[in-house]
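Residue-level listing of the chains:
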Amino acid sequence: MSGEAGSGDRGLLVLGGSGRLGRALIAACGTAPIAPTRQEMDLATADEAALEPLVRRSRAVLNAAALAHVDGCEQRPAEAQALNARLPARLAAVCARLAVPLVHVSTDYVFGEGEGPWSEEDAPCPVQVYGRTKAEGEAAVLRLGGRVARVSWLFG
């Protein structure tokens, strides 16, 4: 797999490496992370059995995979549900079972309309498919012991 650590290595697993955030995370890594391409693994359909070998070889997991285009989520809600909610839930379950730390990247869109800044204690109240599916993914990750990093904007 692209950027794959050597056999037996416990490298960093980055999911969503072809996106803007994923590319930046991979570039910032000191060593080449385990980073499957879309051709190597369809994350929208990956089940726990498909994710487990990757997580098993990892010392930690960064999940930057998402359908992040807000209008695209409205047009393709099933794809948004698969990438933004089900994938993080499956990934969190595997990470919890294997005791591998998980950081899932989310968004302030889980808060919907209104003015920030928001705190970690503020309850999500999404108003569109993107925010709702990201909130579902967050909830699953947190329930299973993972960590969530909410970002408000990406650039570069």
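Above this text is the structure in question.
Residues numbered from 1 in each chain as written. Predicted model: local features only at pLDDT ≥ 70, side-chain atom pairs only at ≥ 80, totals over all residues. Heavy atoms only, no water.

(A) Up close: the pattern of salt bridges. Taken as a whole and judged by the stated rule, the model has 5 salt bridges. Notably, a salt bridge pairs Glu 52 with Arg 56, separated by 2.3 Å at the nearest N-O pair. In this pair, Glu 52 and Arg 56 are both assigned in helix H2 (residues 48–56), 4 residues apart and thus about one turn of the helix distant. Of the residues examined, Arg 56 reaches a relative accessible area of 46% and is grouped as partly exposed. Put simply, Glu 138 and Arg 150 hold a salt bridge, and the shortest N to O gap is 2.6 Å. One end of the pair, Glu 138, is in helix H5 (residues 129–143); the other, Arg 150, is in strand E4 (residues 147–151), with 12 residues separating them in the sequence. What emerges from the salt-bridge pattern is a single network uniting Glu 48, Glu 52, Arg 56 and Arg 97. (Salt bridge = Lys/Arg side-chain N within 4 Å of Asp/Glu carboxyl O. Helix = DSSP H or I, 4+ residues; strand = E, 2+ residues; numbered from the N terminus. Buried < 20%, exposed > 50% of the residue type's maximum accessible area, 1.4 Å probe, protein only.)

(B) Structural detail: the packing of aromatic side chains. Tallied over the entire structure, the rule returns 2 aromatic pairs. Note on Tyr 109 and Tyr 130: the rings are 5.4 Å apart at their centroids and 65° apart in plane angle, and the pair reads as edge-to-face. Taken together, the residues Tyr 109 in the loop between strand E3 (102–107) and H5 and Tyr 130 in helix H5 connect sequence positions 21 residues apart. Judged by relative accessible area, Tyr 130 falls into the buried class, the value being 8%. Both rings, one in Phe 111 and one in Trp 118, keep their centres 4.8 Å apart while their planes meet at 15°; by these two values the pair is stacked. (Phe/Tyr/Trp six-rings, centres within 6.5 Å; stacked < 30°, edge-to-face > 60°.)

(C) Looking closely at the side chain of Thr 107. For Thr 107, the position within the fold is in strand E3. For Thr 107, a relative accessible area of 4% puts it in the buried group. A distance of 3.0 Å separates a polar atom in the side chain of Thr 107 from the backbone nitrogen of Tyr 109. Setting aside its immediate chain neighbours within four residues, Thr 107 contacts Tyr 130, Lys 134, Glu 138, Arg 150 and Val 151. (Polar contact = N/O pair within 3.5 Å; in protein donor to acceptor, adjacent residues only side chain to side chain. Contact = heavy atoms within 4.5 Å.)

(D) Structural view of unusual backbone geometry. Its identity is not glycine, yet Ala 99 carries a phi of approximately 55°, on the positive side. When you line up the elements, Ala 99 lands in the loop between helix H4 (77–98) and E3.

(E) Highlighting the pairing of strand E2 (residues 58–63). Burial within E2 is extensive, with 5 of its 6 residues counted as buried. Sheet topology note: the strand E1 (residues 11–15)/E2 ladder contains 5 bridges and is parallel. In the sheet register, Gly 11 faces E2, and the bridge partner there is Ser 58. Of the pairings in the sheet, the one linking E2 to E3 comprises 3 bridges and is parallel in character. From the neighbouring strand, Val 61 faces E3, where its bridge partner is Leu 102. (Pairing = 2+ DSSP bridges.)

(F) Looking closely at H4. Spanning 22 residues, H4 covers 30 Å between terminal C-alpha atoms, matching the ideal 32 Å at 1.5 Å per step. Looking at H4, one finds that the buried residues are Ala 80, Ala 82, Leu 83, Asn 84, Ala 85, Leu 87, Pro 88, Leu 91, Ala 92, Ala 93, Val 94 and Cys 95. Contact partners of the buried residues in H4: E1, H2, E2, helix H3 (70–75), E3 and H5. Within two residues after H4, Ala 99 carries a phi angle of roughly 55°, on the positive side. (Expected span 1.5 Å × (residues − 1).)

(G) Main features of the sheet that holds E4. If you trace the 4 strands from one edge of the open sheet to the other, you get E1-E2-E3-E4, paired in parallel fashion. Looking at which strands have only one partner, the edges of the open sheet turn out to be E1 and E4. Direction aside, the axes of adjacent strands within the sheet are offset by 20° on average. When E3 meets E4, the two strands line up parallel, connected through 5 bridges. The residue bridging Ser 106 from the neighbouring strand is Arg 150, located in E4. Strands E1, E2 and E3 of the sheet are contacted by H4, whose axis makes an angle of about 165° with E2. (Axes fitted to C-alpha atoms, helices over the stretch in contact; angles between N-to-C directions.)

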